[in-house]
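Spelled out from the first residue to the last, the chains are:
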Amino acid sequence: MNDEPRDPKSKEFSEWMGDQRRRLGIDRAVAAYTAAKEAALKRLPEMEEMRKEVRRIKEESISRMGELARQAMDSIADVKGTPYLAGDAAEARRIFCSIVGTGKLVVKSKSLTSEEIHLNGALEAAGNDVYETDLGEFIIQLRKEKPTHIINPSVHVPREEVAQTFSKLLGREVSSDIPSLVGVAREFLRDKFCKADVGITGANVVSAKTGTLFIIENEGNARFVSNAPPVHIAITGIEKVVPTLSDAFKVVQTLPPYATGVLISAYVSLVTGPSKTADIEKTIVYGAHGPKELHVVLLDNGRSEMAKDPILREALYCLRCGGCLYECPVYRIVGGSFGDNYFGGIGMVWSAFTRGDEAVAVAIDACTKCGRCKEVCPLEIDVPKMVERLKGKLVRKGHLSRKHAEIRENIERKGNPFGQSERRQ
Amino acid sequence: MMAMVGKILYWKGCMSRLKMKSIADSTEALLGLLGVDYDTLGGEEGCCGSVLLRTGQYDAARSLAILNADRISSLGYSELVTSCPGCFKTMSSEYPMIIGRAPFRVMHISQFLYGRRAAMEGCLHPIRARVVYHDPCHLGRHMGVYDEPRALIRMVPGADLVEFKYNRSKALCCGAGGGVRSAFPEIAVEVARGITGAPLREAGASIIITSCPFCNYNLKEAGGAEVIDLPEFLLRSWRGS
Ligand code: SF4
């Protein structure tokens, strides 16, 4: 079975637990995050009402997910964008490859959804140069590692190691002072932004009625990516569509305090169609200073399946703030090994639906179902309940650890999980 | 069997019955001092099925729930008191969903003792120590029992009850629950160190009081603190030793 004494997952867990450098990175991040979030929420008493409102918006949106996705596509087409609905990861990759073609310079801002479909590999295989421009993603890309947090993908890499990575990139010694590390990335990537043929972003929310994409960020890279190259492709999950602009604004206000402990992120870009002008004889021309083409890929890839399950559909409400990860006692010690692209308890559900059962079959047994995630989630998503539900489904498909099977046998035979004989008094 | 109506069943739970016996023993001693008329099922108690529910073995858990509910009801018990928050949560909130009705009243030992606190007044001797209460997930966050254990601890003269920075609904998990202790014992104990390390130092307590045999076991495994079950602590105070 999948629980031999040293299955690959246990090994990965042990490596993480024993890796003091990665633990230090996460510990520093947890301390900074929790302090910032507490301070931000103290200044936002209205958030209590807001997050309840957002929960209602998500409940409505998910109950109409297919319909809203179609409405968003119509709206995007109305403003001369090109919408696509990708059923699965392979279809999404095909769509991207046909738009991008080959021999192109591609810049990307952070998008978990693009990682979900393994986009970079596909674009590179088609002969394109792809640069991640979010600092964390850039570091991970250079180090050829996997992201370990949905908001701060390089949370496990301490500054000293970032310096080593950058020194290698530039072929000269780089100081490990954090501002100068940021400076290195800025210098290096600026040139790529201007020369890129294609910019790829995600979208945190989409308003169905107007076809508007909301892209939330702090670094300013997503602005470059979505604005400088002649072609902008955005990819997002169909669960990100909400009915109206004002619904979307509420989501936008809720995310940043829980994601990074700020009142609002530095930049929220609203993109409704490609750039245009009608300044000469009132004749509309697409492609003014911004992109000439806007392509929007709405991804299903298991989401409709998720929506069919009365319990697991709640995972579709997730805003991806990542707050529950920092607050998860298991994530704090096993970090990026606790999931596959999506992490922690909520990540178990997402990884299972988007990457398959195998991706979580062993890792799910590391969840204590303690429920801290639900407690800190702005939408109070009942993660432990979903994890138990998912676990039940996995067990029915044969994914049961030997230890847990033994416990059942012991209970059935001896009346206790330990297999002790006690019926003698 | 009818003679048992109204009698209380003390359900120890597998962990307190077999691995952490001092929890069950001290609870029984305390119940005795309080003059509570109760029974146990001894070696026939069996398992409530919590661990099966937590590890996705729903069908096996369901059979067990039906079996236990029938057995306990047919013995005539209408009230059950348990040391284990896992049994407490499972039997009080999940059995009714599984079998479609609440078979009997289930109380956690902290709730039961709180109800009988008057009988402890004047009997408790001082324990001069700074103590901190660890909220077990199944008792606190899942079942909302936060105040009873604290009120009981405050009854002990001399005990200075302090709080962890993250307590009550935000309490840190000990790491043992959900089948993690059996699947990944090294993760479970490392999670527990996340309590017995910096948070315990910050709280400045020398004793961790908890009210769950799994938390107790796991926090002891992590080391660095004296860990004691709530009734055990009350018994120590009663006996003045
Ligand atoms: S489950 Fe809740 S806390 Fe966790 S990432 Fe999603 S919205 Fe944030």
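Residues numbered from 1 in each chain as written. Chains lettered and ligands numbered in written order. Predicted model: local features only at pLDDT ≥ 70, side-chain atom pairs only at ≥ 80, totals over all residues. Heavy atoms only, no water.

1. Concerning the overall build of chain B
Stated precisely, the cut-off is as follows: Going along the chain from the N terminus, every DSSP run of H or I of four or more residues is numbered as a helix, and every run of E of two or more is numbered as a strand. Here the radius of gyration uses the C-alpha set of atoms, whereas the globule reference equals 2.2 Å times the residue count to the power 0.38. Burial status follows relative accessibility: with a 1.4 Å probe on protein chains alone, a residue under 20% of its type maximum counts as buried, one over 50% as exposed, and anything between as partly exposed. The contact rule is simple, with two residues in contact once any of their heavy atoms fall within 4.5 Å. To measure how exposed things are, a 1.4 Å probe is used in the Shrake-Rupley method; for residues, cover is taken only from the protein chains shown. Residues scored as charged are limited to Lys and Arg (positive) and Asp and Glu (negative), so that His and the chain ends carry no count. Where a charge sits is defined by one atom per residue type, namely NZ (Lys), CZ (Arg), CG (Asp) or CD (Glu).
When helices and strands are tallied, chain B shows twelve helices and eight strands. By the compact-globule yardstick of 18 Å for 241 residues, chain B fits well, its C-alpha radius of gyration being 17 Å. Projecting the C-alpha coordinates of chain B onto the three principal axes gives extents of approximately 50 × 45 × 25 Å. Relative to its 241 residues, chain B shows a buried fraction of 60%. Once local pairs closer than 6 in sequence are excluded, the contacts in chain B between residues at least 24 apart make up 76%. Counting every atom, chain B has about 8800 Å² of accessible surface; 51% of that belongs to carbon and sulfur. The centroid of the 27 positive side-chain charges in chain B is displaced by 2 Å from the centroid of its 23 negative side-chain charges.

2. Examining the site of the ligand
To be explicit about the condition: Here a residue is considered near a molecule or strand provided that any single heavy atom belonging to it is located within 4 Å of it. Polarity classes work like this: nonpolar for Ala, Val, Leu, Ile, Met, Phe, Trp, Tyr, Cys and Pro, charged for Asp, Glu, Lys and Arg, and polar for all others, with Gly in that last group.
Contacts to the ligand come from Cys318, Leu319, Arg320, Cys321, Gly322, Cys324, Ile346, Cys377, Pro378 and Ile381 of chain A. Partitioned by chemical class, the residues of the shell around the ligand number eight nonpolar, one polar and one charged.

3. Some thoughts on the domain arrangement of chain B
Residues and elements named next belong to chain B. As a reminder, the rule being used: Segment limits for the domains were obtained from an automatic or database-derived domain assignment. Buried area counts how much accessible surface, traced with a 1.4 Å probe, disappears from two parts once they are put together, with both parts' losses summed. The salt bridge definition used is simple: a Lys or Arg side-chain nitrogen within 4 Å of an Asp or Glu carboxyl oxygen. Within 3.5 Å is the distance limit for a polar contact, defined as a pair of N or O atoms, with the added protein rule that one can donate a hydrogen and the other accept it, and that residues adjacent in sequence qualify only through two side-chain atoms.
For chain B, the assigned domains read domain 1 (8–114) and domain 2 (122–239). Across the contact, 27 residues belong to domain 1 and 28 residues belong to domain 2. Taken together, both faces of the contact between domain 1 and domain 2 bury some 2400 Å²; the carbon and sulfur share is 80%. One can count zero salt bridges joining domain 1 with domain 2. Inspection of the region where domain 1 meets domain 2 yields three residue pairs in polar contact (both at pLDDT 80 or more). Sorting elements by how many residues they give to the side of domain 1 that touches domain 2 places helix H2 (residues 21–33) first, with seven residues.

4. Some thoughts on the sheet that holds strand E3 (residues 79–82) of chain B
All names here are of chain B. Stated formally: At least two bridges found by DSSP between two strands are what make those strands a pair. Helix axes are fitted to C-alpha atoms over the stretch in contact, other axes to C-alpha atoms as well, and angles between N-to-C directions run from 0 to 180 degrees.
Read from one edge to the other, the open sheet built from four strands follows the order E2-E1-E3-E4, with strand pairing classed as parallel. If you trace the sheet from one side to the other, it starts and ends with strand E2 (38–39) and strand E4 (105–108), each paired once. In the packing of H2 onto the sheet, the strands contacted are strand E1 (8–11) and E2, and the crossing angle to E1 comes to about 155°. Along the sheet, helix H5 (residues 85–99) contacts E1, E3 and E4; its crossing angle with E4, the most-contacted strand, is approximately 155°.

5. Observations regarding the sheet that holds strand E7 (residues 231–237) of chain A
Residue and element names in this part refer to chain A. Strands sit in the order E1-E12-E7-E4-E2-E3 across an open sheet of six strands; the sheet is parallel. Whereas interior strands pair on both sides, the edge strands pair on one side only; in this sheet they are strand E1 (82–86) and strand E3 (129–132). Recorded for the sheet is a direction-independent mean angle of 20° between the axes of neighbouring strands.

6. Describing the nonpolar core
What counts here: We call a set of buried Ala, Val, Leu, Ile, Met, Phe, Trp, Tyr and Cys residues a nonpolar core when their side-chain atoms join them within 4.5 Å.
By size, the foremost hydrophobic cluster in this structure holds 94 residues, and its most contacted members are Phe338, Ile346, Ile381 and Leu390 of chain A together with Ile187 of chain B. If we skip the residues at most four places from it in the chain, isoleucine 187 of chain B touches Phe13, Met17, Val330, Ile333, Val334 and Ala366 of chain A together with Val180 of chain B.

7. Quick word on the domain arrangement of chain A
Accessible area lost on assembly of the parts is the figure often given for the size of an interface. Residue and element names in this part refer to chain A. Split by domain assignment, chain A resolves into domain 1 (8–42 + 307–410) and domain 2 (65–304). One C-alpha centre belongs to domain 1, the other to domain 2, and the line joining them spans 25 Å. Of the residues lining the interface, 34 residues belong to domain 1; the matching set on domain 2 comes to 34 residues. Three residues stand out in domain 1 for area buried against domain 2, namely Arg21, Leu319 and Arg320, and they jointly supply 18% of the buried area on that side. Where domain 1 packs against domain 2, one counts two salt bridges. Notably, a salt bridge pairs glutamate 239 with arginine 320, separated by 3.6 Å at the nearest N-O pair. Counting every contact that joins domain 1 to domain 2 gives nine residue pairs in polar contact (both at pLDDT 80 or more). For the side of domain 1 that touches domain 2, the elements supplying multiple residues, two or more each, are helix H2 (20–43), helix H13 (303–308), helix H14 (323–326), strand E14 (342–343) and helix H16 (344–355). No other element matches H2, which puts eleven residues into the side of domain 1 that touches domain 2. Looking at the side of domain 1 that touches domain 2 residue by residue, the class counts come to 21 nonpolar, six polar and seven charged.

8. Describing the side chain of arginine 51 of chain A
All names here are of chain A. When you line up the elements, arginine 51 lands in helix H3 (residues 47–63). Here proline 378 takes part through its backbone oxygen, which lies 3.1 Å from a polar atom of the side chain of arginine 51. Leaving out residues up to four positions away in the same chain, arginine 51 has contacts with Thr254, Tyr258, Cys377, Pro378, Leu379 and Glu380.

9. Examining unusual backbone geometry
Glycine aside, residues mostly have negative phi angles, and peptide bonds mostly take the trans form. Residue and element names in this part refer to chain A. If you check the backbone angles, lysine 144 has positive phi at about 55° while not being a glycine. You can see lysine 144 is positioned in the loop between helix H8 (135–143) and helix H9 (159–170). By relative accessible area, lysine 144 is classed as exposed at 75%. Despite not being glycine, glutamate 281 shows a phi value in the positive range, around 55°. Looking at the secondary structure, you find glutamate 281 in the loop between strand E10 (276–277) and strand E11 (285–286).

10. Some details on the pairing of E1 of chain B
All names here are of chain B. The alternating pattern of E1 places Ile8 and Tyr10 on one face and Leu9 and Trp11 on the opposite face, and all of these are buried. Pairing between E1 and E3: four bridges, direction parallel. Each residue of the ladder has a partner; that of isoleucine 8, found in E3, is glutamate 79.

11. Describing the packing of aromatic side chains
Each aromatic ring pair is described using two quantities: the centre-to-centre distance and the angle formed by the ring planes. The condition is simple: When two rings of Phe, Tyr or Trp (its six-membered ring) have centres within 6.5 Å they constitute a pair, described as stacked for plane angles under 30 degrees, edge-to-face for angles over 60, and tilted for the intermediate range. As a reminder, the over-ring test applies to NZ of lysine and CZ of arginine, requiring each to be within 6 Å of the ring centre and within 35 degrees of the ring normal.
One pass over the structure, following the stated rule, counts ten aromatic pairs over all chains. Ring geometry for phenylalanine 13 of chain A and phenylalanine 184 of chain B: centres 5.0 Å apart, planes at 90°, overall edge-to-face. With phenylalanine 13 of chain A in helix H1 (residues 8–18) and phenylalanine 184 of chain B in the loop between helix H8 (180–183) and helix H9 (185–196), this residue pair bridges two chains. Looking at phenylalanine 13 of chain A, the relative accessible area reads 0%, which means it is buried. Over the ring of tryptophan 350 of chain A we find arginine 320 of chain A; its NZ or CZ atom is 4.1 Å from the centre of that ring.

12. A word on the pattern of salt bridges
Taken as a whole and assessed by the stated rule, the structure comprises 47 salt bridges over all chains. Two residues, arginine 22 of chain A and aspartate 19 of chain A, come together in a salt bridge whose shortest N-O distance is 2.9 Å. Just as arginine 22 of chain A is buried, aspartate 19 of chain A falls in that class too. Between arginine 105 of chain B and glutamate 79 of chain B there is a salt bridge whose closest N-O contact spans 3.5 Å. With a gap of 26 residues between them, arginine 105 of chain B in strand E4 and glutamate 79 of chain B in strand E3 connect regions that are remote in the sequence. In this structure, a network of salt bridges that share partners links the residues Asp19, Arg21, Arg22, Arg143, Glu145 and Glu161 of chain A.

13. Examining the interface of chain A and chain B
Contact residues are listed per partner, giving 44 residues for chain A and 42 residues for chain B. Taking both partners together, chain A and chain B bury about 3600 Å²; carbon and sulfur atoms supply 61% of that area. Across the salt bridge formed by arginine 54 of chain B and glutamate 388 of chain A, the nearest N and O atoms sit 2.6 Å from each other. The tally of links between chain A and chain B comes to 17 residue pairs in polar contact (both at pLDDT 80 or more). Take the side of chain A that touches chain B: its biggest share by element is seven residues, from helix H19 (residues 402–414) of chain A. Here the residues of the side of chain A that touches chain B sort into 18 nonpolar, eleven polar and 15 charged.

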